[in-house]
Amino acid sequence: MSKAKDEILHRIQSALKEVPADEKREDVAVNREYIQKGNLSGEELVTLFVERSGEYQATVKRIKKEELKDEISKACDRHKAIKMVIPAGFKTDWLPDLLEPQFDDSGAPLSHDELDQLDGVISTCALAVAQTGTIILDAGAGQGRRVLSLLPDYHLCIVREDQIVETVPEGFAGVSDQVKKEGRPITFISGPSATSDIELNRVEGVHGPRKLDILVVGG
Amino acid sequence: MSRQTPTFQETADAYLNNTQLRENLGHATHTIRDKRADIVGEMPDWEHLREAGNKLKKRVMRHLDSYLLQLEASVQEAGGHVHWARDAEEANDIITGLVKQQQVDEVVKVKSITTDEIKLNEALKKEGIQALETDLAELIVQLAEDEPSHILVPAIHKNRKEIRDLFREKLNNKELTDRPEDLAEAARLYLRKKFLSAKVGISGANFGVADTGTIAVVESEGNGRMCTTLPETLITVMGIEKLIPTWQDFEVFMQLLPRSSTAERMNPYNSFWTGVTPGDGPQEFHLVLLDNGRTNVLADEVGRQTLNCIRCSACLNVCPVYERTGGHAYHSVYPGPIGAILTPQLKGIEDDGAASLPYASSLCGACYEVCPVKIDIPKVLVHLRGKIVDEKKRNGSLKAKLDPEHVGLKLMAQAFKNSKRYERAQKLAQTGQNIFVKDGKISSLPGYLSGWSAMRDLKPIPKETFREWWRNRNE
Amino acid sequence: MRISLFITCFNDTLFPETGKAMVRLLERLGHTVDFPFEQTCCGQMHYNTGYQEEAIPLVRKFIDVFGDAEYIVAPSASCVAMIHEFYPKVAERSGDAQLAKEVEEIIPKVYELSQFLVDELGIEDVGAYYPHKVTFHPTCHSIRMLHVGDAPLKLLRKVKGLELEELPGALECCGFGGTFAVKNADTSMAMLSDKMKNIESTGAKACTSIDNSCLMHIGGGLSRKGSDTKAVHLAEILASTEENQ
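Definitions and cut-offs
Residues numbered from 1 in each chain as written. Chains lettered and ligands numbered in written order. Predicted model: local features only at pLDDT ≥ 70, side-chain atom pairs only at ≥ 80, totals over all residues. Helix = DSSP H or I, 4+ residues; strand = E, 2+ residues; numbered from the N terminus. Buried ≥ 20, exposed ≤ 12 C-beta atoms within 10 Å, placed from the backbone. Contact = placed C-beta atoms within 7 Å. Axes fitted to C-alpha atoms, helices over the stretch in contact; angles between N-to-C directions. Parallel < 35°, antiparallel > 145°, perpendicular 65-115°, else oblique. Nonpolar A, V, L, I, M, F, W, Y, C, P; charged D, E, K, R; others polar. Domains from an automatic or database assignment. UniProt positions renumbered as here; feature names shortened; annotations may be inferred. Pairing = 2+ DSSP bridges. Core = buried A, V, L, I, M, F, W, Y, C linked by C-beta atoms within 7 Å.

As recorded in an unreviewed UniProt entry, chain C goes by L-lactate dehydrogenase complex protein LldE and comes from Gracilimonas mengyeensis.

Looking up chain A in an unreviewed UniProt entry gives the name L-lactate dehydrogenase complex protein LldG, with the organism given as Gracilimonas mengyeensis.

Next up, the structure:
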């Protein structure tokens, strides 16, 4: 054991001398009386997500599954985005023909400089939290490495209606296995990059993507 | 012998007279205060969340040794390295050594008060390593060669015109306007190049999870994601109190923190990483666990709750003292009410500056009301005042013991013990005040009390006390 | 009902009119007021400034003087808050288990005046008359430690002739804070300036409250400014009637 570790642990033990030796962690009771599971479902849940994520200056649109390809095309058009990063596992039949997809796969990952030059990224997500308008990425299929949704200035994220949960506790529970079993990195995204550092005025866009579009896909 | 920092009283006056600062701060704190109240107000279970947050932290503190060992094991199992640092110097040595191994002379940093606390940037500089702050406000402070004045918004004391002038000069951007959008854009362009070439990133940690080894960084701008994702090596410095027991507990803290801090339902970005992920992000991860006085705080049963702090800064934003003086008057990287209790416990009350901080409060209690982890700041302030006075009685200099407040309170304590003595003291004060009474009021007092009369009149003590009236009435 | 008056040292010495008003008011409401002469000070100033050892004999004294009382009522929210919040701490420090027990027993019997009237006696209309424009400053300790809520406002709303003006930024501290007002006089004054601005913006003739310590600070500032607004304790307003105007 390192000397420092030894000494810090010793300091802690002497600082806690009033704590009974047989006290267990759980003896300090934690009452989880807060709301863990929401009570919204279906339409109300989707509406809440659309409303809350929209409040962060993200552009949010509800669409049907069969409109997906067309809507991706329209969204990219609006941002004049052609060279789009496509994470491994993303369904290619959703991709519009005019796009120049830049595939990132583990065998041949795109370099940081390459990513920096591209117009945007299209990804799916692991979950979405309605109460806070948050999308959660777990680096799974269709989402890829963390850097993909970070360097390009435009992020188009596809959320299935059945991926929306109501509360923050449900969001954390939903990716718990990915962390515990696989140690995957988790990223919460709530609107585009922002800062309030100047006179506490919120400004969209500093280092992360300055434009965030969300397509909420039903049916 | 510890270094003596200036006292709060000595410094506050200069800041109080800075009208630009007062205006910037008043505007900023009131804006965020109102927003916080709204966003917290929409949570029907807020009090339950506060209570759970408080208890989870209490659980961690009472079993800190076992939780730290669990965290260490989890991080190592996930492919990370764990280092232990007893104090700032040891932490800086570890970090500097790790950076030098990578043979770089520049590192990118996420805003971290813990690294400010240990003066990491200075330590790196001595070894020829430039630490680049990437948070917009920290960048402003770094470019201005200034000190942070707020936990969350370190450049809260500067307005947009001041920032524009700074960027015009330091980022060599002569045409820059003072629109916040343009200022942010200037920072984006300047830092993007740096992020792409950085080999080493340094971060603090908002939370470390004992059972999974996950570290969390909570932020808005994306610079945190850049620093924790792009470099090949990531070094995270974490105070030993930043632990939470399990992944599930984020469901409490990640509701409490954003709403209390930036008054948002959720802040734009939260990064949670667990050791090293092959093919994604840094392939070398070091976690430095820092004590640097925290175990002293732990040893004080009343003061211990200070370690619950999740650095949201809600207490600063509601504090009527902080609002007027700003953060610099506290002479610490931890300003405001939380700083007033944390700094003296970390530094020790032998330092005059640190010992003045528990008195930099009117005990109004607004801080406790908003604290998301229910730190009873006023109670800890009063507790620390008690320790300071006890220390003065034991080891104080003759000068300290002849201090008028000390003498006055001792004398009054004697008088209050017995109602006869107390009545005599009342009479004495009635007579004694006569030389100060003019036109039915007291407008000037000497010495210790002059602070009062400089700006406030004092009503003279009436001829008849209440008890005299009662006695006469019933005779 | 027999009510023991805890006048507090501050009011006894500096604001006897408040005590007299309380006696008039409670007697008018048909109660018997008792004033134990042995009382002195609750110890708040000592305790809050750090002279906590010195507070121990004062707590003992308070128990000796008021131990047998049925209702103990004081015109000061901060002194009552001291008893409720910190007396157990002082007793703990003394290491005297008997004192701790006595403190625990006495706490529920100690009331601040407005709380006593509204919450204990259930009265809001005390038959007062005060034909002036008044604004109310809720003191920090009354709100955040003692939780008196809007008891004082309920009483004020029922005063005949009184025009109640809402105070902007009411919940913000006035800057008194005991020895804080002297130790950090400039910061204290910066806080008071904003409070005075808000008070004067209401156009009220009187700013009232339930603690003369904050009122001494506010009144002292207003007096120095040459303001027409006076600081008046709530008890004095409630004691006023058409006869004694």
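Once you've had a look at it, read on.
Q: Can you lay out the overall build of chain A for me, pointing to particular residues and giving the numbers?
A: For chain A, the count of helices and strands is 6 helices and 12 strands. Once the C-alpha set of chain A is aligned to its principal axes, its extents read approximately 70 × 45 × 40 Å. A total of 219 residues make up chain A; the buried ones form 49% of that total. For chain A, the proportion of contacts with a sequence separation of at least 24, taken over those separated by at least 6, is 69%.

Q: Break down the packing of helix α5 (residues 77–94) of chain C against helix α6 (residues 97–106) of chain C for me, citing the residues and quoting the values.
A: Residue and element names in this part refer to chain C. Look at α5 against α6: their axes get within 8 Å of each other, and the N-to-C directions meet at 170°. Relative to α6, α5 is oriented roughly antiparallel. Contacts between α5 and α6 involve Y87, P88, A91, E92 and S94 from the first element and L99, A100, V103 and E104 from the second. Taken together, the residues that form the contact of α5 with α6 break down as 6 nonpolar, 1 polar and 2 charged.

Q: An account of the domain arrangement of chain C is needed here, citing residue identities and associated values.
A: Residue and element names in this part refer to chain C. Entries for chain C in the domain assignment read domain 1 (2–120) and domain 2 (133–239). If you average the C-alpha positions of domain 1 and of domain 2, the two centres end up 22 Å apart. Facing 28 residues of domain 1, the contacting portion of domain 2 comprises 23 residues. Elements with a minimum of two residues in the side of domain 1 that touches domain 2: α1 (9–14), α2 (16–28), α3 (44–49), α5 and α7 (113–120). Residue composition of the side of domain 1 that touches domain 2, by class: 14 nonpolar, 9 polar and 5 charged.

Q: Break down the UniProt feature "domain: LUD" (unreviewed entry) in chain A for me, citing the residues and quoting the values.
A: In the numbering used here, UniProt assigns the "domain: LUD" (unreviewed entry) feature to residues 112–217 of chain A. Helix makes up 19% of residues 112–217 of chain A and strand 39%. Its end C-alpha atoms lie 30 Å apart.

Q: Describe in detail the interface of chain B and chain C, supporting the description with residues and values.
A: Counting from both sides, the interface comprises 48 residues of chain B and, opposite them, 52 residues of chain C. Going through the elements one at a time, α1 (8–16), α15 (320–325), α19 (377–395), α21 (404–416), α22 (419–432), α23 (450–453) and α24 (466–473) of chain B are the ones with two or more residues in the side of chain B that touches chain C. It is α19(B) that contributes the most residues to the side of chain B that touches chain C, 5 residues altogether. Considered class by class, the residues forming the side of chain B that touches chain C number 26 nonpolar, 10 polar and 12 charged.

Q: Outline the sheet that holds strand β4 (residues 110–112) of chain C, listing residues and values.
A: Residues and elements named next belong to chain C. Across the sheet, 4 strands lie side by side as β2-β1-β3-β4; this open sheet has parallel pairing. On the outer flanks of this sheet lie β2 (32–34) and β4, each paired with one strand and no other. When the angles between neighbouring strand axes are averaged without regard to direction, this sheet yields 35°. Inspection of the sheet shows strand β3 (residues 71–74) paired to β4 by 3 bridges, in the parallel sense. Bridging from a neighbouring strand, A74 pairs with E112 of β4.

Q: Tell me about the nonpolar core, and please be specific about residues and values.
A: Nonpolar side chains in soluble globular proteins tend to be buried together. Judged by nonpolar contacts, the single largest core of 294 residues is most densely connected at I136(A), V159(A), V288(B), L289(B), C315(B), I377(B) and V59(C). Apart from residues lying up to four places away in sequence, I136(A) is in contact with C125(A), A126(A), L127(A), A128(A), V129(A), G171(A), V175(A), I186(A) and F188(A).

Q: So what about the interface of chain B and chain A? Which residues, and what values?
A: Between chain B and chain A, the contact holds 75 residues from the first and 67 residues from the second. Examining the composition of the side of chain B that touches chain A, we find that 9 residues originate from one element, helix α3 (residues 46–62) of chain B, more than from any other. Among the residues forming the side of chain B that touches chain A, the class breakdown is 33 nonpolar, 23 polar and 19 charged. With 4 bridges joining them, strand β9 (residues 186–189) of chain A and strand β9 (residues 269–274) of chain B adopt antiparallel strand pairing. Bridged to F188(A) within β9(B) is N270(B).

Q: Now, about the pairing of strand β4 (residues 200–203) of chain B: what can you tell me, with residues and values included?
A: Residue and element names in this part refer to chain B. A two-sided burial pattern is seen for β4, the buried positions comprising V200 and I202 on one face and G201 and S203 on the other. Pairing analysis gives 2 bridges linking strand β2 (residues 106–109) to β4, with the strands arranged parallel. By the bridge assignment, V108 is partnered in β4 with G201. Relative to strand β7 (residues 233–239), β4 runs parallel, the two sharing 4 bridges. Of the residues in β7, the one forming a bridge with V200 is T233.

Q: Lay out the pairing of strand β10 (residues 194–198) of chain A with the relevant residues and their values.
A: All names here are of chain A. For β10, the buried fraction is high: 5 of the 5 residues fall into the buried class. Across 3 bridges, the pairing between β10 and strand β11 (residues 201–204) is antiparallel. Bridge pairing links I198 to N201 in β11.

Q: Lay out the sheet that holds strand β7 (residues 154–160) of chain A with the relevant residues and their values.
A: Residue and element names in this part refer to chain A. Read from one edge to the other, the open sheet built from 6 strands follows the order β1-β12-β7-β4-β2-β3, with strand pairing classed as parallel. Edge positions in the sheet fall to β1 (59–64) and β3 (100–104), since each of these pairs with one other strand and no more. Looking at each pair of strands side by side, their axes are set apart by 25° on average, direction ignored. With 6 bridges connecting them, β1 and strand β12 (residues 211–218) associate as parallel partners. Looking at the pairing, R62 lines up with V216 of β12. Set on the sheet, helix α2 (residues 42–54) makes contact with β1 and β12; between it and β1 the angle comes to about 150°.

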